[in-house]
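Understanding the architecture of this molecule
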Amino acid sequence: MKFGVTLSNRGVLLDLCTPRDLLRLADAVEASPLMDSVWCGDALFVNRRLDALTLLAAVAGRTERVLLGPACMGSFALRNPLVFAYEWASLDVLSNGRTRMVACAGGGAGPLWEAETAALDIAPGERRKRMYENMQVMRHLWTRDNEPFEGEFTKFANVTLEPKPVQSPCPIWLATNAERLSKGQADFGGSELALTRVGKLADGWMTHSVSPAGFKRSWDFILQVGRDNGRDASAFDHVLYHHINVRDDKADALADSKTFLDLYYSADYSKERLESWLTYGSPRDCIAHLKQFKDAGCRRVTFRLSTMGDPMVQLRRVTEEVLPFV
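Residues numbered from 1 in each chain as written. Predicted model: local features only at pLDDT ≥ 70, side-chain atom pairs only at ≥ 80, totals over all residues. Heavy atoms only, no water.

1. Topic: the state of the cysteines
For clarity, the cut-off: Here, a disulfide means two cysteine sulfur atoms that sit within 2.5 Å of each other. Strands are runs of DSSP state E lasting at least 2 residues, helices are runs of H or I lasting at least 4, and numbering of each runs from the N terminus. Summary of the burial criterion: residues with accessible area below 20% of their type's maximum are buried, those above 50% are exposed, and those between are partly exposed, where the area comes from a 1.4 Å probe applied to protein chains only.
All chains considered together, the criterion is met by 1 disulfide. Covalently, Cys72 is tied to Cys104 through a disulfide, its sulfur atoms 2.0 Å apart. One disulfide, between Cys72 and Cys104, carries an S-S torsion of 90° and so falls in the right-handed class. On the criterion of sequence distance, the pair formed by Cys72 in strand β3 (residues 67–73) and Cys104 in the loop between β4 (101–103) and α4 (111–120) is long-range, its members being 32 residues apart. Neither Cys72 nor Cys104 differs from the other in exposure class; each is buried. Here Cys40 stays free of any disulfide, with the sulfur of Cys72 as its closest cysteine sulfur at 11 Å. This cysteine, Cys298, is not joined by any disulfide, and Cys286 carries the nearest cysteine sulfur, 15 Å off.

2. Quick word on the packing of aromatic side chains
Where we set the bar: Only Phe, Tyr and Trp rings take part, Trp by its six-membered ring, and two of them pair if their centres are within 6.5 Å. Stacked means planes under 30 degrees apart, edge-to-face means over 60, and tilted covers everything else. A ring is considered to have a charge above it if a Lys NZ or an Arg CZ atom is located within 6 Å of its centre and within 35 degrees of its normal.
In this structure the tally under the stated criterion is 12 aromatic pairs. Taking the centre distance of 6.0 Å and the plane angle of 45° together, the rings of Trp39 and Trp173 count as tilted. Of this pair, Trp39 sits in strand β2 (residues 37–42) while Trp173 sits in strand β7 (residues 172–175), placing them 134 residues apart in sequence. Trp173 matches Trp39 in its accessibility class, with the two residues each being buried. With 6.4 Å between their ring centres and 70° between their planes, Tyr265 and Tyr269 make a pair best called edge-to-face. Look at Tyr269 and you get buried, because its relative accessible area is 17%. Against the face of Tyr264 rests Arg10, its NZ or CZ located 5.6 Å from the ring centre. Its end group placed over the ring of Tyr280, Lys250 keeps NZ or CZ at 5.0 Å from the ring centre.

Given below as structure tokens:
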């Protein structure tokens, strides 16, 4: 089982951390033999934060080993796909082929969501279709020179993108949202339609808030869809987007995470909702919980260190007291 850390880039705007704090945490992940990846959230005018692409480039420039990716790229459907293909290819070059692009359509409601939609002139109902087409645009530009492309939203000709990514193919994963199916822990990692799209179109999968059994059912479903469509399913990868808080007193751990996550997401989460995407409590509690996902076939987890305290202290507890025994 492999592990990573999701940097809390919204925390910069909430005075929970500084950009330097995020980079120091990335350095600590790079230095840990038990960790192999660094991720960060992404959004544009809704759920504002330090830009994911810029932050990942900063991490790429100071690391040599860890994989780098968004969790997930919520602004993907809003970005010009030609420009983003160029930016992501450059990130792959800067990192010497360590990127994992995770696409998602983004989501939201209310005035900020409506303002973002109006400002960018992209109807909410188009986001998912644009996401899938933008994946095609990026792959086209990464593998072909001077060949025309004609989609529903994007058309171009006489264009060659350089530099090309180091990876060939440069992986693009899809995220599915289990939380929309349940207020607590879901028994499937997304809708059947969304998981089918993963198996048909993506190189990997990200999800969250799913039970171990639900994770296994979802992953088996994705692999079968891939095989049914003539794809080499053995090359597929995945990551569980998760949270962790290690404290000897389980109630204290839950309370600390609730304070952090309520602030981070401007919410008031129930215990059931928190437990759907959180491993917490003593090292023994955390080990037992993570082993359930391991036994279900989960190969990779990325943790947000959901604490109001020092995340470096949490990282030390996770890497010294939990992960060696999972």
